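Listed here are the chains, written in short residue letters.
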Amino acid sequence: MIIYTDGACFGNPGSMGVGIVIYDSNMKLLAEISEYVGEGTNNVAEYTAVIRALETAKIYEPENVELRSDSELLINQLNGKYKIKDLRLRSLKRKIDELTENLKIKFVHIPREQNKEADKLSKAAVPKNYNKTGAKYKQQKLWQDVKIFVLSIYNMKVDLSLSPLFTFDQSKQLPFHNWFYYKEGYSPKLIDYCLQLSQVKKPLNILDPFCGVGTTLLRSKELGINSIGIDSSPLAIFVSRVKCDDYSKEDIDYVHKFIQDLNISDSNLRWEFELFSSRAAFPKRNYNTILSLREQIENIENQKAAQLLLLALLSILPQCSIIKKDGGVLKIDKKKSAIPVKIAFKRKVNQILTDLENPISGPIPQINLGDARKLPLQSESVDFSITSPPYLNNIDYSKVYGLELSLLSLEKQTTELTRSKSLRSFITHNPNVNEIPAEVGDIGKQIPVIGTYFYDMENVIKEVYRVLKPDGEFYLNVTNSVIHQTHILVDEVLAEIAERIGFSTGILVGAKRIADVKPRRVETRESIVVMRK
Ligand SMILES: C[S@@+](CC[C@H](N)C(=O)[O-])C[C@H]1O[C@@H](n2cnc3c(N)ncnc32)[C@H](O)[C@@H]1O
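Residues numbered from 1 in each chain as written. Predicted model: local features only at pLDDT ≥ 70, side-chain atom pairs only at ≥ 80, totals over all residues. Heavy atoms only, no water.

Draft legend 1. Layout of the packing of helix α7 (residues 234-244) against helix α14 (residues 402-409). Following both chains from N to C, one finds α7 and α14 inclined at 75°, their axes separated by 9 Å at the closest point. In terms of their interaxial angle, α7 and α14 are classed as roughly perpendicular. Residues P234, L235 and F238 of α7 touch α14, and the partners they reach there are E404, L405 and L408. Taken together, the residues that form the contact of α7 with α14 break down as five nonpolar, no polar and one charged. (Axes fitted to C-alpha atoms, helices over the stretch in contact; angles between N-to-C directions. Helix = DSSP H or I, 4+ residues; strand = E, 2+ residues; numbered from the N terminus. Parallel < 35°, antiparallel > 145°, perpendicular 65-115°, else oblique. Contact = heavy atoms within 4.5 Å. Nonpolar A, V, L, I, M, F, W, Y, C, P; charged D, E, K, R; others polar.)

Draft legend 2. Spatial organisation of the packing of aromatic side chains. Under the counting rule described, the total for this entry stands at 14 aromatic pairs. When the ring of W271 is compared with that of Y287, the centres are 5.8 Å apart and the planes differ by 5°; the resulting orientation is stacked. Residue W271 is located in the loop between α8 (249-260) and α9 (284-298), and its partner Y287 is located in helix α9; the two are separated by 16 residues in the primary sequence. Judged by its relative accessible area of 5%, W271 falls in the buried class. You can call Y287 buried: its relative accessible area is 5%. Clustering of aromatic rings is evident, with ring pairs tying together F180, Y182, Y397 and Y401. The residue whose ring lies beneath K304 is Y247, and the NZ or CZ to ring-centre distance is 5.8 Å. Positioned above the aromatic ring of Y465, the side-chain terminus of K533 is 4.8 Å from the ring centre. (Phe/Tyr/Trp six-rings, centres within 6.5 Å; stacked < 30°, edge-to-face > 60°. Buried < 20%, exposed > 50% of the residue type's maximum accessible area, 1.4 Å probe, protein only. Lys NZ or Arg CZ within 6 Å of the ring centre and 35° of its normal.)

Draft legend 3. Seen up close, the site of the ligand. With respect to spatial proximity, 24 residues lie near the ligand, and among them Y182, T215, D231, D371 and A372 are the closest. Measuring from an oxygen atom of the ligand, one finds a backbone N or O atom of V213 at 2.9 Å. Shared between two domains, the shell around the ligand takes at least three residues from each, and those domains are domain 2 (162-231 + 364-390 + 425-533) and domain 3 (247-358 + 393-424). (Near = heavy atom within 4 Å. Polar contact = N/O pair within 3.5 Å; in protein donor to acceptor, adjacent residues only side chain to side chain. Domains from an automatic or database assignment.)

Draft legend 4. Representation of the domain arrangement of the protein in the model. Segmenting the protein into domains produces domain 1 (2-139), domain 2 (162-231 + 364-390 + 425-533) and domain 3 (247-358 + 393-424). With centres defined by C-alpha atoms, the gap from domain 1 to domain 3 works out at 57 Å.

Draft legend 5. Structural context of the environment of T48. Its location among the elements puts T48 in helix α1 (residues 42-58). Put simply, T48 and G7 are 41 residues apart on the chain and 7.5 Å apart in space, counted from C-alpha to C-alpha. If near-sequence neighbours (up to four positions away) are discounted, T48 is found in contact with V18, V37 and L92.

Draft legend 6. Quick peek at the nonpolar core. Membership of the largest hydrophobic core comes to 62 residues, with the highest contact counts inside it found for F180, W271 and F345. Within the residue set of this core, elements represented by two or more residues are α6 (215-223), α7, α8, α9, α10 (303-315), α11 (317-320), α12 (341-355) and α14. In this structure, this core is formed jointly by two domains, domain 2 (162-231 + 364-390 + 425-533) and domain 3 (247-358 + 393-424), each of which donates at least three residues. In this view, F180 contacts F168, V213, L235, V239, L311, L314, S315, Y401 and E404; residues no more than four positions away in its chain are not counted. The next biggest cluster of nonpolar side chains, apart from the first, holds 41 residues, and it includes I230, A372, M457 and L494. (Core = buried A, V, L, I, M, F, W, Y, C linked by side-chain atoms within 4.5 Å.)

Below, the structure written as structure tokens:
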């Protein structure tokens with residue numbers, strides 16, 4: 001096996017990157033690594049590159065290794081020709097000795113021109129002035145377009161084939177999953193991917209502490225695994241329950257009949273919404289039809305039929321309104337054409353009825369309104385947990401889904417109440433944090449939403465740690481954020497917090513993301529923080 005390594009450092013000390021290229025003895029390319037490895041000196045970067053290279057090489061179980069670098073100092077020190085005075089380098093050398101204990105290895109110095117690939121990879125990994133938190137952003141690429149296999153101090157691995165699993169796009173085509181469009185949901189295939197990766201071979205139960213519209217729960221039901229879902233939004237809980245429930249022939253016949261005899265009458269129902277008059281969000285006829293249907297559904301005695309019909313009504317609100325969901329805000333757009341409610345409603349109910357011809361059988365999940373920061377579960381009762389929490393500085397769900405929430409509950413306060421119980425991931429009126437996790441640094445005070453977010457997430461991680469059985473695993477899907485030109489490596493900060501709490505962690509980078517922070521577009525990433533108790 002031939003290995004080329006290089007370390008780059010912007011500033012000395014400064015941000016470090018490593019570049020590694022590994023070939024087998026026939027010069028077939030095995031791995032390319034381009035990775036940011038934190039803060040340190042030039043020499044530390046060179047040593048770290050060797051460590052990462054050897055850790056990766058181990059996976060291929062080579063018999064002989066020739067490791068090539070253009071750093072004369074490094075090679076001479078590794079060959080015992082020069083003494084190592086620096087304490088940090090000495091401990092890194094010890095690590096290298098451990099890794100090479102049972103290996104035939106030669107360290108060879110090569111001229112810089114022969115090490116161009118590794119050099120390029122190491123530099124690509126380090127955007128200038130790029131820190132874990134708080135660094136000013138300068139436009140730089142985080143990584144190159146190679147599909148790289150990476151191990152790091154954060155035990156980092158990159159698999160960009162995960163990217164389509166992080167969005168709701170696949171669910172739009174899937175029966176049951178597509179009963180309610182939730183932009184922030186992920187694909188059920190993400191559950192399969194993580195279960196495959198997991199060392200918990202056959203989990204007895206799965207917890208999703210931010211269950212949203214129940215993707216994890218529905219997939220667990222399909223797989224025959226018990227699951228538990230928690231969410232702070234009554235809308236998310238309602239949608240999850242309806243999607244995961246079982247229905248009798250009688251329930252289904254009731255829905256058929258309701259839709260056949262559809263009859264729209266006047267209604268006196270009051271539908272109050274916190275942000276603006278709900279009436280302003282719809283053409284008049286659509287508004288009246290929605291109220292009439294909502295009132296009729298309220299009076300249906302067959303509860304299962306009623307919940308299917310109410311879900312259908314809630315799910316068509318966006319297409320029947322003149323509202324645009326624009327990022328985190330609702331905007332009235334008078335030019336938007338709204339589909340007549342009767343048409344959209346019938347279509348949706350028929351789609352649901354078609355799906356129910358082939359029901360999903362499996363254990364019905366336990367789904368409860370609650371707070372992921374205070375799980376209503378016994379300690380050491382869960383095998384496996386997977387979730388995607390609200391992203392830092394992303395949307396306020398209680399606003400964006402406010403119309404649906406208030407039509408569901410028919411109470412004006414619902415949206416405000418939901419907000420008060422939600423993770424403080426967006427700018428709120430309640431930015432008080434008693435203790436910002438040490439891993440976050442000063443930026444948590446300077447930009448309060450960063451402080452509140454990590455404070456709340458620390459409590460979530462502590463709770464999941466408490467309820468997991470020993471060796472249990474937690475897969476947390478997060479996106480890094482850019483706020484006021486500051487790039488926050490959410491995945492790394494959460495991994496560090498989790499390590500302090502007691503988890504062993506790794507980061508699986510699955511997608512590149514662009515944060516559109518005008519006037520710039522910043523390249524960032526979406527990942528899964530993998531935690532093992
Ligand atoms: C990204 S979504 C989850 C989507 C889910 N993975 C799916 O596929 O449907 C995040 C969810 O967290 C919920 N949430 C926010 N704060 C919460 C809290 N403190 N406890 C539990 N759920 C919360 C939101 O209501 C939202 O449904």
